[in-house]
Amino acid sequence: MTNELTKDILQVLVKHNVVPSSVITAIRNENIKIEYSSLRESGMSGKEARRILSEKDYLDNHGNNYRISEKQIETILYGK
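Residues numbered from 1 in each chain as written. Predicted model: local features only at pLDDT ≥ 70, side-chain atom pairs only at ≥ 80, totals over all residues. Heavy atoms only, no water.

A. How the structure looks around helix 4 (residues 70–78). Residues of helix 4 that are buried include every one of Ile 73, Ile 76 and Leu 77, and no others. The buried side chains of helix 4 occupy one side of the element, clustering within an arc of 95° when seen end-on. Away from its buried face, by an angle of more than 90 degrees, helix 4 presents the exposed residues Lys 71 and Tyr 78. In this structure, the buried side of helix 4 is in contact with helix 2 (21–41), helix 3 (46–54) and strand 1 (58–59). Looking one or two residues past helix 4, Gly 79 carries a phi angle of roughly 85°, positive in sign. (Buried < 20%, exposed > 50% of the residue type's maximum accessible area, 1.4 Å probe, protein only. Helix = DSSP H or I, 4+ residues; strand = E, 2+ residues; numbered from the N terminus. Arc of directions from axis to C-beta. Contact = heavy atoms within 4.5 Å.)

Here's what the structure looks like:
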């Protein structure tokens, strides 16, 4: 699925209250954890994997692109 299509689908689902915005955030966090594990299993260091994830664009609840800091990635991965 293209990024543009994903963005459009998320916008419609949130706009019509089909999916609460908290679900979108939970899905994003799970995807970050899965991608982090994949990068680590490929032999990448944890620091490098977190850096790569922090440079990636994510979609907010309105379909806009944004980035997450390495510190926020750490919080998603390891908790507070």
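After presenting the structure, the write-up continues.
B. Looking closely at unusual backbone geometry. One non-glycine residue, Asn 17, lies in positive phi territory at about 55°. With respect to the helices, strands and loops of the structure, Asn 17 is situated in the loop between helix 1 (3–15) and helix 2.

C. Focus on the nonpolar core. Core analysis: the largest hydrophobic core is formed by ten residues, namely Ile 32, Tyr 36, Leu 39, Ala 49, Leu 53, Tyr 58, Ile 68, Ile 73, Ile 76 and Leu 77. Counting only elements with at least two residues in this core, the list comes to helix 2, helix 3 and helix 4. Among residues more than four places away in sequence, those in contact with Leu 53 are Ile 32, Glu 35, Tyr 36, Leu 39, Tyr 58 and Ile 73. Judged by nonpolar contacts, the second largest core, of five residues, contains Leu 10, Val 14, Val 19 and Leu 59. (Core = buried A, V, L, I, M, F, W, Y, C linked by side-chain atoms within 4.5 Å.)

D. Representation of helix 3 in the model. Among the residues making up helix 3, those that are buried are Gly 46, Ala 49, Arg 50, Leu 53 and Ser 54. Across the axial projection of helix 3, the buried residues extend over an arc of 135°, all falling on one side. Turning to helix 3, the residues buried within the fold contact helix 2, strand 1 and helix 4.

E. Here's a closer look at the packing of helix 3 against helix 4. In contact at an axis separation of 9 Å, helix 3 and helix 4 are set at 115° when each is read in the N-to-C sense. With respect to helix 4, the axis of helix 3 lies roughly perpendicular. For the pair helix 3 and helix 4, the sense of crossing is right-handed. Between helix 3 and helix 4, the contacting residues are Lys 47, Arg 50, Arg 51, Leu 53 and Ser 54 on the first element and Glu 70, Ile 73, Glu 74, Leu 77 and Tyr 78 on the second. Split by residue class, the contact of helix 3 with helix 4 holds four nonpolar, one polar and five charged. (Axes fitted to C-alpha atoms, helices over the stretch in contact; angles between N-to-C directions. Parallel < 35°, antiparallel > 145°, perpendicular 65-115°, else oblique. Left-handed = near helix turned anticlockwise from the far one by under 90°. Nonpolar A, V, L, I, M, F, W, Y, C, P; charged D, E, K, R; others polar.)

F. Representation of the packing of helix 2 against helix 4 within the structure. Put simply, helix 2 and helix 4 touch, their axes get as near as 10 Å, and they point 90° apart. Considering their axes alone, helix 2 and helix 4 lie roughly perpendicular with respect to each other. Of the residues in helix 4, those touching helix 2 at Arg 28, Asn 29, Ile 32, Lys 33 and Tyr 36 are Ile 73, Ile 76, Leu 77 and Tyr 78. Its residues assigned to classes, the contact of helix 2 with helix 4 comprises six nonpolar, one polar and two charged.

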